[in-house]
Amino acid sequence: MSEGEMTRLKEEVEEKKKLISTLRNKPWRMRRRLECLKDAQQFVEKFEGALGKGKGRKLYAFKVMMTKKWIKFNRDFENFKTACIPWERKIKEVESHFGSSVASYFLFLRWMYGMNLVLFGFVFGLVVIPEVLMGLPYGSIPRKTVPRDEQAKAMDFSVLFEFGGYCKYSFLFYGYYNNQRTIGLLQFRLPLSYLLVGVGSFGYSLMVVIRTMAKNSNEGGDGAEEGDFTFAWKMFTSWDYLIGNSETADNKFASITTSFKESIVDEQENQKDENIHLRRFLRVLANLLILCSLGGSGYLIYYVVKRSQTYANMDEDELSWFEKNEVEFVMSLLGLVCPPLFETIAELEEYHPRIALKWQLGRIFALFLGNLYTFLFALFDEVNAKLEREETIKNATIWAMKEHYSNFSELNNSTAITPLSINPADVMRGPCWETAVGIEFMKLTVSDIQVTYLTILFGDFLRALAVRFLNYCWCWDLEAGFPSYAEFDISGNVLGLIFNQGMIWMGAFYAPGLVGLNVLRLLTSMYFQCWAVMTCNVPHERVFKASKSNNFYMGLLLLILFLSMLPVVYTIMTLPPSFDCGPFSGKQKMYDVIIETIDKDLPAFLGTLFTYAANPGLIIPAVLLMVLAIYYLNSVSKAYKHANNELRKKMQMQRDEEKNRRNNKDSTNQVMKDLEDLLPKKSPISASAKENTANIQPLSELGDKPSKVSQKPGAVATGRGVNLQRDVSLAMANPRMAVTRPPGPRGPSALPGNTLQVPGGRGRGRGQNPRR
Amino acid sequence: KSFYDCELTFLTKQEILLAHKRFTELVAKEDRNDPSPRVPMSKILTLPELKSNPFRKRICHVFSTSESKDGSLTFEDFLDLLSAFSDSATLEIKSHYAFRIFDFDDDGTLDRGDLEKLVNCLTGETDDTRLTPEEMKQLINNILEESDIDKDGTVNLSEFQHVISRSPDFVSSFKIVL
C-alpha cells in the first residue's frame, strides 16, 4: 500500500474511532446505534491490522493494545468510583420525596464529609500517629502528664466532658506534642510537620472549594437575562423529573399553577407604588431594628466571655453547670432565636419573596460572623492575659532552677550538678494558651452539635408526634393550621454547616482532635437528618430551585475559609508560643521552625536562596507585578464582555430583521431606518426577492462577453455595478413598494455596452469600444 | 452486549445492570424466554420513578419502537430512556427528547394545541388547579411571543433548543435515576 493510501486509511480509521466515541450523543434509536457501532468497530479492527504492516508494525500494534487497555482501565475505574460514593440510595429517596432543593443540602453535606475526611487523614497520619507511635509516652515529660493537683478529679466524667483532666493532656490538643526536632528512627520532624499540616489544610480546602465552584459555574446556562424567557422556561423546565411521590407531585402541581397565575398577573398590570414613603420608612425601621439586635447579640457574647474569664479564676466547685458553659449556651441560643426574629421583622419590609430570602440569608450571615468574631476577640483578651501569667511562671521556674543549683553546689561542694529529678506531675506548669483556645473551640463545636440535634428532636420530631396524635382530640385541625408539620429549613441548615466548618478550620491548628470530631459529627448528621427529614417533615409548599444557589453557598464557604484563616495566620506570625507545651515551645515565634529546617536540613545554597527571596526589594516588585497582571486581566475580561454584548445585540437585530422580512413589514429597528435614510441613491437594504432577481438579470447578460470583462475586472466591474444600481434605482419609481410586475425591457441607455465609460479608456490600448 | 452498551449510552455499568434487573421484574411470565421481550405501557407506568410524572404516557410513546404505537418498550428502548434522562447526558440529547415529549400530536412542531395540553398536564388533574380559558390564552400568547422567532405560530426544534439552552435549570431537572 502506498503512503497516500496509508494516510487516507489512517484518517478513516480515526474518523470511525471518533464516531464510536460520540455515538451516544446522537439521538438515534438504540438499534440503529448498535448497528452503526458494529460496523465501525469491524472496520477499525480490520484496517488497524492492515495499517500495522510495514515498518514499526510491532510498535504500532503495541500502542494500539496499550490504548485499548488504558480505555478499559479508565472505564472500570470510573465504575468503581461511582460505586464507592456513599449514601447514593438515601439521597435519591429524599430527592424523590422532597425535590432537588432539599436533596442539594444532603449533597452538600456529603461533599463536606469527603473534604473533612481528607483533612482528617492528613492530620491523623502526619501529626497524631507519629507522635503517638514514635514520641515519648504519656507521663514521661511534664507536658504529657496531668498535674498533681488535678489528678484527683482527672477521670471524672464531668471533667472529661469539659475536656479537662486526661483529655486535656492527650493527643487531642496542642499541648501534648513534644518540641523535639526529630523523633524516632526515621528522624520524623514533628514540629515542621505540624506547622505544614496546619497551613496545608487551608491550602487543600481552598483548592477543593475553588475547583467545585468552577465546575458548578460551567454547568450554568448561556447567560441569558432572567426576564428573557420567563414563561417559556416555566413551561418547559419547571417540572422536576426526579419526583417519585404523589404527594410531592401534587404540591409541585399547585406551585406551578400558582407561579403561572402570578406571572400572568404580573405581566398584565404594573405594580402601583402605593405610598412609597410609608414603605421606605418601614424598611428603614426594619433595618434599624435588625442592626440593634445584631449589636445586642455581639455585646452579649462579649460580656459573657468576659464573665467566663472571672469564673475561670474562681474555684470550680462553686460554679453551676450553667455558669461553666455560659458562653457556648448563649452563642447557640442566639443562633436559634435570632433568625426567626429577623424573619418576623422582615415582614415589615414587603419585599418580593426571592429578594426577601436574600436579605434574610445576608442577615443570618452577618449574625453568625459577628458572633464568631466577637468570640474570637474575647478569646484574644484571654490569650493575652495567659501570656502575661506565663511570664511570671517562667520567671518563677527559672528562679527555682537557679535556687536548686545553688543549693546543690553549696551542699555538695562540687561543680558537677545533676539536673533536678522531679516527678513530671509536680513540675510547675505554665498556662498553655494554645490548649486553652483548642478546648474552647472543642466545647463550642460540641455544644453546636447538641443544639442542632436537640432542635431536630424537639422542633421537628416531637412536634410531628404532637400534631399526629393530638389531632384526634383537638378543636382545630392541627395538621392544616398551626402548628402543622415542619418544613425542612434548607438555608438555615446549610448556613449552620458552613459556619461549623469555619469553626473547625479555625480550631484545628490548636486541637488536632477537632477534625476527627467533625468527621464523626458529619457522619451521624447524615443518618440522623435523613431519618428526620423522611419521618417528620413535609415537602415545601413553594418549591424553589437550588441550581443557581449552589455557587452562592460555595462562595460563602470560600469567604468563611478566608476569614477563619486570618486568626490562625496571625497567631502563627505574631504570638509567641508557650514555653513549656506544644511542638513550638522554646522558640520565639512559631514559624521559626521553618527557618531552623532551612538552616539545618536543606543544603546551604537553598538557605541563601530563601534569604534572597525574602528580601523586601524582591517582594515589593513581585507584588506590583501581580497587581498589574490583575488589572490587565480585568480590562481584558471587560473587553470580552463588551464584545459579547455587541454580538448578542447584533444577533438580536438580525433576528428582528428576519422576522420583519418574512412578514413583509417595514423595518422597525431605528438604527436600520436611519441607515436607510442616509443612503438615498443605493437600492434599499431590505430589498425584496424580486428586486434581487432584477439585479441579477443584467449581470447574466454581461456574462456573454467574458473577454472584455476580464481585462480590467476590478474597476470595470465596480463601475458597472454602481451604474447598474443607479439604473435600477432610476428605473423604479418608489423603491419601498412591493414589486408586482417584472421589470420591463430596458432602453438603450441601460445596455451594458453603453456604460463602458472606462475612465481613461482610449489611451489604455484596449482597442475599440465593444458594441459600437 | 453490556460492553457495547457502555459506549452507546450515558449510563455506567452498574446502572445498566440495575436497569436490566428492574426491567426483567416487569416482564410477564410467559415472555420470560423471549430474547427481546416487550413490556406493555401499563406495566412501565407502575415504576415509581414514572408513576407521578405528568408526562409519563408521552415518555413511553416517544421511546417506544413498537409498530402498533402502543407505547410498549423493549429493553433497548428502556436503556434509551434512561440514557437520555441520565446525569451525564448532553444538553442536545435532552432538549431533543424534551421536544419530542412535548409534541403531543407528533407533527414536529409545538403548536397551540400542544402547548395547551402541556399546560394542562402541568397544572394537575383537579378542577381547582386548572387555568381559566382566558388565562390559558394569555399564557400561550406570552410563550409564543418569547420563543417563536419566525412568527409562524409554532415552536420548532431549533427555536425550542435555543430557548432551552439558555435555561440554567433544565439539565438538572430533566433527570430520572433508578
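Residues numbered from 1 in each chain as written. Chains lettered and ligands numbered in written order. Predicted model: local features only at pLDDT ≥ 70, side-chain atom pairs only at ≥ 80, totals over all residues. Heavy atoms only, no water.

A closer look at the confidence of the model for chain A
Definition in use: For every residue, the pLDDT score states the predictor's confidence, bounded by 0 at the bottom and 100 at the top. Contacts: residue pairs with any heavy atoms within 4.5 Å of one another.
For chain A, the mean per-residue pLDDT works out to 76, and 77% of the residues sit at or above 70. The low-confidence segment residues 682–739 of chain A, where pLDDT is below 50, has 41 contacts with residues more than four positions distant or belonging to other chains.

Some thoughts on unusual backbone geometry
Residues and elements named next belong to chain A. For clarity, the cut-off: Going along the chain from the N terminus, every DSSP run of H or I of four or more residues is numbered as a helix, and every run of E of two or more is numbered as a strand. Here's how the labels work: a residue is buried when its accessible area is under 20% of the maximum for its type, exposed when over 50%, partly exposed in between, all with a 1.4 Å probe on protein chains only.
Despite not being glycine, Gln187 has its phi angle at roughly 55 degrees, a positive value. By the secondary structure assignment, Gln187 is in the loop between α7 (165–168) and α8 (190–218). Residue classification places Gln187 among the partly exposed residues on the basis of a relative accessible area of 42%.

Digging into the interface of chain A and chain B
What counts is decided by this rule: Each of two parts loses accessible area, computed with a 1.4 Å probe, when they are put together; buried area is these two losses added. Every case where a carboxyl oxygen of Asp or Glu lies within 4 Å of a side-chain nitrogen of Lys or Arg is listed as a salt bridge. Residues adjacent in sequence count toward polar contacts only when both atoms are side-chain atoms; beyond that, a polar contact is any pair of N or O atoms within 3.5 Å, and within protein one must be able to donate a hydrogen and the other to accept it. Note that Gly is not counted as nonpolar here; it falls among the polar residues with everything else outside the nonpolar set of Ala, Val, Leu, Ile, Met, Phe, Trp, Tyr, Cys and Pro and the charged set of Asp, Glu, Lys and Arg.
The partner chain B presents 71 residues to the 60 residues of chain A that form the contact. Taken together, both faces of the contact between chain A and chain B bury some 6200 Å²; the carbon and sulfur share is 61%. Taken together, the links from chain A to chain B amount to 1 salt bridge. Here Arg33(A) ties to Asp80(B) by a salt bridge, and the two come within 2.6 Å at their closest N and O atoms. Linking chain A with chain B are 2 residue pairs in polar contact (both at pLDDT 80 or more). Within the side of chain A that touches chain B, the residues separate by chemical class into 25 nonpolar, 15 polar and 20 charged.

Here we look at the packing of aromatic side chains
To keep it simple, the criterion reads: Pairs were defined over the aromatic rings of Phe, Tyr and Trp, the Trp ring being its six-membered one, requiring ring centres within 6.5 Å. Orientation was assigned from the angle between planes: stacked under 30 degrees, edge-to-face over 60, tilted for the rest. Working rule: Lys NZ or Arg CZ, within 6 Å of ring centre, within 35 degrees of ring normal, means a charge sits over the ring.
Going through the model one piece at a time under the given rule, you end up with 43 aromatic pairs over all chains. An angle of 55 degrees between the planes, with centres 5.1 Å apart, marks the rings of Trp87(A) and Tyr113(A) as tilted. Of the two residues, Trp87(A) is situated in the loop between α3 (57–84) and α4 (88–98) and Tyr113(A) in helix α5 (residues 100–134); the sequence distance between them amounts to 26 residues. Like Trp87(A), the residue Tyr113(A) is buried in the burial classification. Pairing Phe528(A) with Trp531(A) gives two aromatic rings, centres 5.9 Å apart and planes at 20 degrees, and the pair type is stacked. Taken together, the residues span about one helical turn, with Phe528(A) and Trp531(A) both in helix α17 (residues 513–536) at a distance of 3 residues. Through a chain of ring-to-ring contacts, three or more aromatic side chains come together here, namely Phe236(A), Tyr241(A), Phe55(B), Phe63(B), Phe85(B), Tyr97(B), Phe99(B), Phe102(B), Phe160(B), Phe170(B) and Phe174(B). A cation sits over an aromatic face here: Lys16(A) above Phe43(A), 5.5 Å from the ring centre. It is Arg58(B) that lies over the ring of Phe104(B); its NZ or CZ is 5.8 Å from the centre.

With respect to the UniProt feature "transmembrane region" (unreviewed entry) in chain A
As a reminder of what qualifies: UniProt positions are given in the numbering used here, feature names are shortened, and annotations may be inferred rather than shown by experiment.
As recorded in UniProt, the sites labelled "transmembrane region" (unreviewed entry) are residues 119–138, 159–177, 192–210, 284–305, 360–380, 503–524, 552–573 and 609–633 of chain A. Between the first and last C-alpha atoms of residues 503–524 of chain A the distance is 18 Å; the span itself is 77% helix and 0% strand.

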